[in-house]
Amino acid sequence: MIFRPRGVHGGISVAMVAFGLLMISSLVVQGFSSQALIEHPYWGDLLRSVSADHAARVRAGEADTLPNTGLVRSWYIAPGQADTSVPPYLADLAPGFYSTEDGFSNFETSELFNGHGSFHVAVVALPPGRLITALDIDAIENQQNRTSWWSLLWLVFSVGMIGTVIAWLHANLVRPVRDLADRMQAIDPRDSTARLPTTYLREEIQVIAQASNVHLERVGQFIERERSLLDQASHEF
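No experiment lies behind these values; they were computed from the predicted model shown.

Asker: Talk me through the sheet that holds strand β1 (residues 72-77); I want residue IDs and the actual numbers.
Answerer: Strand order in this open sheet of four strands is β1-β4-β3-β2, and the pairing throughout is antiparallel. Whereas interior strands pair on both sides, the edge strands pair on one side only; in this sheet they are β1 and β2 (96-99). In this sheet, neighbouring strand axes are inclined to one another by 15 degrees on average, regardless of whether the strands run parallel or antiparallel. Here β2 runs beside strand β3 (residues 119-126); their pairing, made up of four bridges, is antiparallel. Its bridge partner being in β3, Tyr98 is matched across the sheet by Val121. Docked against the sheet, helix α2 (residues 41-59) engages β1, β2, β3 and β4 (129-136), running at close to 135 degrees with respect to β4.

Rendered as structure tokens:
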């Protein structure tokens, strides 16, 4: 099997694209990981613990001490009693665990939650009523969103940088080398004075052009010597 030679530009481009794909994969994994933390079963365990504490207060006749402001809020709804402090989108929930975040199916969700921030909710049957405990995660969700935006900006910047490097390599390496090769092929072998330009911007291309000119100079001198010897031989004959 004959392998076609690959250029440095192609190798570097492939490496840069592979690096970009690896970075995209890392950011995607990081995004899923941060979302997994928001929906981690830990929050369910925390809600169970808080609900158990609040249920003990209700059983002790201290339902009026349940917090209804702050990060953790709780309400006890007894049959036939209306608590106006309970948000309407939580008042009719059946026992279970709910959340505005449901990407990993650790919680149930509801369209009624839309537009009311980010939170986890535990609804516990506490005969004769229900105990609702809500945990506000707005701050965590907002932090995650900010991190996601920064990650997106970093991704766009990285893709732009990769594209810029590839374009720069093409303009400063591939194009001059091809131009040099075209000029080399265009040289008339009968013209012993033909030379390559040495005005390229990149030092590496100039070095190649100068070395090629030195070689052309030697070839020209060799041809001139051969012509001189042929002329001498023709005069002698």
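Asker: A description of the packing of aromatic side chains should follow, citing residues and the corresponding values.
Answerer: Counting across every chain of the model gives five aromatic pairs. Taking 5.2 Å as the distance between ring centres and 70 degrees as the angle between the ring planes, the aromatic pair formed by Tyr42 and Trp43 counts as edge-to-face. By relative accessible area, which is 46% here, Tyr42 ends up partly exposed. For Trp43, a relative accessible area of 14% gives the class buried.

Asker: Requested: an account of helix α4 (residues 138-186), with residues and values cited.
Answerer: Between its first and last C-alpha atoms α4 spans 70 Å; for 49 residues at 1.5 Å apiece the expected length is 72 Å, and the two agree. In α4, a bend of some 35 degrees at His170 exceeds every other bend along the element. Turning to α4, its buried residues number three or more, namely Glu141, Gln144, Ser151, Leu155, Ser158, Ile162, Leu169, Asn172, Val174, Pro176 and Leu180.

Asker: Tell me about the environment of Ala122, and please be specific about residues and values.
Answerer: As for its placement among the helices and strands, Ala122 is situated in strand β3. Spatially, the C-alpha atoms of Ala122 and Pro88 are 15 Å apart, while their sequence positions differ by 34 residues. When sequence neighbours within four positions are dropped, the list of residues in contact with Ala122 reads Leu47, Ser51, Gly96, Phe97, Leu131, Ile132 and Thr133.

Asker: Break down unusual backbone geometry for me, citing the residues and quoting the values.
Answerer: With an omega of 10 degrees, the peptide bond between Pro127 and Pro128 qualifies as cis. Mapping Pro128 onto the fold places it in the loop between β3 and β4.

Asker: Lay out α2 with the relevant residues and their values.
Answerer: The end-to-end C-alpha distance of α2, which contains 19 residues, comes to 27 Å, matching closely the 27 Å that a straight helix rising 1.5 Å per residue would cover. All buried positions along α2 are accounted for by Trp43, Gly44, Leu47, Ser51, His54, Ala55 and Val58. The buried residues of α2 occupy one face: seen down the axis, they fall within an arc of 110 degrees. A positive phi of about 80 degrees marks Gly61, the residue just after α2.

Asker: Just give me the short version of the nonpolar core, but keep the residues and values in it.
Answerer: Core analysis: the largest hydrophobic core is formed by 14 residues, its most contacted members being Leu90, Leu93, Phe113, Val121 and Ile132. Contributions of two or more residues to this core are made by β1, α3 (88-91), β3 and β4. For Leu93, the contacting residues outside a window of four places in its chain are Tyr98, Phe113, Val121, Val123 and Arg130. Counting residues in each nonpolar core, the second largest holds eight residues, with Leu180, Ile205, Ala209 and Leu216 among its members.

Asker: Break down the side chain of Glu101 for me, citing the residues and quoting the values.
Answerer: Within the fold, Glu101 resides in the loop between β2 and β3. No salt bridge is formed by the buried Glu101; the nearest opposite charge belongs to Arg73, separated by 13 Å. Here Thr100 takes part through its side chain, which lies 3.3 Å from a polar atom of the side chain of Glu101. Sequence-distant contacts of Glu101, that is, excluding residues within four places in its chain, are made with Gln35, Ile38, Glu39, Phe107, Ser118, Ile137 and Glu141.

Asker: How would you explain the pattern of salt bridges if you had to name every residue and give the values?
Answerer: Going through the model one piece at a time under the given rule, you end up with four salt bridges. Between Arg57 and Asp53 there is a salt bridge, and its shortest N-O distance comes to 3.7 Å. With a gap of four residues between them, Arg57 and Asp53 both fall in helix α2, about one helical turn apart. Overall, Arg57 belongs to the partly exposed group, its relative accessible area being 26%. Of the residues examined, Asp53 reaches a relative accessible area of 41% and is grouped as partly exposed. Among the salt bridges present, the one from Arg183 reaches Asp179, with a minimum N-O distance of 2.9 Å.

Definitions and cut-offs
Position labels on residues start from 1 in each chain and follow its written sequence. Only residues with pLDDT of at least 70 get local features here, since the model is predicted, and only at 80 or more are side-chain atom pairs given and counted; chain-wide, interface and lining totals rely on the full set of residues. Note that water and hydrogens are dropped before the side-chain values are worked out from all heavy atoms of the structure. Any two strands are treated as partners once DSSP identifies two or more bridges connecting them. In this text, helices come from DSSP runs of H or I with a minimum length of four residues, and strands from runs of E with a minimum of two, each type numbered from the N-terminal end. Where helices are involved, their axes are fitted lines through C-alpha atoms of the stretch in contact, as for all axes, and angles between N-to-C directions lie from 0 to 180°. Any two residues having at least one pair of non-hydrogen atoms within 4.5 Å are treated as being in contact. Geometry of aromatic contacts follows a simple scheme: Phe, Tyr and Trp rings, the Trp one being its six-membered ring, pair when their centres are within 6.5 Å, and the pair is stacked under 30 degrees between planes, edge-to-face over 60, tilted otherwise. Only protein chains enter the accessibility calculation, which uses a 1.4 Å probe; a residue is then buried when its area is under 20% of its type maximum, exposed when over 50%, and partly exposed in between. Between the first and last residue of a helix there are one fewer steps than residues, each counted as 1.5 Å, and that sum is the expected span. Here the bend at a residue means the angle between the axes of two seven-residue stretches, the one that ends at it and the one that starts at it. Of all possible arcs, the one meant is that of the directions from the helix axis to the C-beta atoms. Remark: nonpolar core denotes a set of buried residues (Ala, Val, Leu, Ile, Met, Phe, Trp, Tyr, Cys) joined through side-chain atoms within 4.5 Å. Counted charges follow a simple rule, with Lys and Arg positive, Asp and Glu negative, and His plus the chain ends left uncounted. The salt bridge definition used is simple: a Lys or Arg side-chain nitrogen within 4 Å of an Asp or Glu carboxyl oxygen. In protein, a polar contact means a hydrogen-donor-capable atom and an acceptor-capable atom, both N or O and within 3.5 Å, with residues adjacent in sequence counting only if both atoms are side-chain atoms; elsewhere, any N or O pair within 3.5 Å suffices.

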